[in-house]
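# Summary of the model geometry
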Amino acid sequence: MKRTTKVVLALILVITAGISKAIFTDTAISRGNSIETAEFDVAISKDGKRFYNELKLFEMNNLLPGETRKSEFQIKNRGTVEVKKLTITFKVRNYEVRMSPSEKAVDSTPETGELGKWLVLRSIHVKGKSIIVNQTLNALNGKTITLPVTLQPGEIAGIEMTFELPDEAGNECQTDGIDITLRLDASQ
Ligand SMILES: [Ca+2]
Ligand SMILES: [Ca+2]
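Quantities reported herein were computed from a predicted structural model and do not represent experimental measurements.

### A closer look at the coordination of the calcium ion (ligand 1)
At 2.2 to 2.6 Å from the calcium ion (ligand 1) lie its protein donor atoms, namely Glu96 (OE), Asp107 (OD), Asp107 (OD), Thr109 (O), Thr109 (OG1), Thr112 (O), Glu114 (OE) and Glu114 (OE). In primary-sequence terms, the residues that donate to the calcium ion (ligand 1) follow E-x10-D-x1-T-x2-T-x1-E. The distance between the calcium ion (ligand 1) and the calcium ion (ligand 2) comes to 3.5 Å, and Glu96 binds to both of them. According to the relative accessible area criterion, Thr109 is partly exposed, its value standing at 32%. The class for Thr112 is partly exposed, based on a relative accessible area of 42%.

### Thoughts on the nonpolar core
Soluble, globular proteins show a tendency: their nonpolar side chains are buried together. With 33 residues, the main nonpolar core has Ile75, Phe90, Leu121, Ile124, Leu147, Ile159 and Met161 as its most contacted residues. Once residues within four sequence positions are removed from consideration, Met161 is found in contact with Phe58, Arg69, Lys70, Ser71, Phe73, Ile88, Phe90, Leu121, Ser123, Ile124 and Leu182.

### So, the sheet that holds strand β5 (residues 129–136)
Sheet strands associate in pairs through backbone hydrogen bonding, adopting either a parallel or an antiparallel arrangement. Spatially, five strands are ordered β1-β2-β7-β4-β5 in an open sheet, and the strand pairing comes out antiparallel. Two strands close off the open sheet at either side, each with one partner strand: β1 (42–45) and β5. Each strand axis lies, on average, 25° off the axis of its neighbour in the sheet, ignoring direction. Of the strand pairs in this sheet, strand β4 (residues 120–126) and β5 are connected by six bridges, and their pairing is antiparallel. Across the sheet, the residue bridging to Val120 is Thr136, located in β5.

### Concerning the layout of surface pockets
Approximately 1,100 Å³ is the volume found for the largest pocket. Along the walls of the largest pocket sit 38 residues, with Phe58, Glu59, Met60, Ile178 and Asp179 positioned nearest its centre. Broken down by secondary-structure element, the contributors of at least two residues to the lining of the largest pocket are β1 and β8 (176–187). Element by element, the count of residues in the lining of the largest pocket is highest for β8, at nine residues. When its residues are assigned to classes, the lining of the largest pocket shows 22 nonpolar, nine polar and seven charged.

### Considering the pairing of strand β3 (residues 85–96)
Across 12 bridges, the pairing between β3 and β8 is antiparallel. Residue pairing across strands places Phe90 opposite Leu182, the latter belonging to β8. Relative to strand β6 (residues 144–147), β3 runs antiparallel, the two sharing four bridges. Note that in β6 the partner of Ile88 across the bridge is Ile145.

Cut-off values and rules
- Residues numbered from 1 in each chain as written.
- Chains lettered and ligands numbered in written order.
- Predicted model: local features only at pLDDT ≥ 70, side-chain atom pairs only at ≥ 80, totals over all residues.
- Heavy atoms only, no water.
- Donors = N, O, S within 2.8 Å, 3.2 Å for Na, K, Ca; no water.
- Buried < 20%, exposed > 50% of the residue type's maximum accessible area, 1.4 Å probe, protein only.
- Core = buried A, V, L, I, M, F, W, Y, C linked by side-chain atoms within 4.5 Å.
- Contact = heavy atoms within 4.5 Å.
- Pairing = 2+ DSSP bridges.
- Helix = DSSP H or I, 4+ residues; strand = E, 2+ residues; numbered from the N terminus.
- Axes fitted to C-alpha atoms, helices over the stretch in contact; angles between N-to-C directions.
- 1 Å grid on protein atoms, 1.4 Å probe; cavity = no way out; pocket = protein on both sides within 12 Å on 5 of 7 lines; lining within 4 Å.
- Points joined across faces, edges and corners; volume = space filled by probe spheres on them.
- Nonpolar A, V, L, I, M, F, W, Y, C, P; charged D, E, K, R; others polar.

Right under this line is the structure:
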């Protein structure tokens, strides 16, 4: 009777020890943890093949009053997160290419171009949406327009801008030039 009790006790101890050992060794290991920030990177392209952080997109020559010209390019989200806000900011510089005889008669500022007073950005088309702008390039100088689109990582979207030199543009902007810098900003 006494032996039986001992055996029972011994068994209980063994079982208890076994459970304790199982709990102590049940360890999950997690090594090499790291936190890295997401990457925001948008790039532009003319042909949709190679994308650049900086790229000249267009050059329009011999523009005449009444003419409409389009500029098309592509933007790619090269980062690792969704771009939820995309803006385009304009910086405009007017210059005189030369003074034509008919221009001289009406333009008293040979150092400053007048094209930006007349040249109008009619609209921006992106991912099936049209943003009606209808502002002169001079009015757009320094302005930021939000494009109502999002870009998933790896996604490419085409952007088309329509410029128009209205019929009323006079001789003062003959042989004038305009230098447009577009900045695209992407954010969460
Ligand atoms: Ca001038
Ligand atoms: Ca001029």
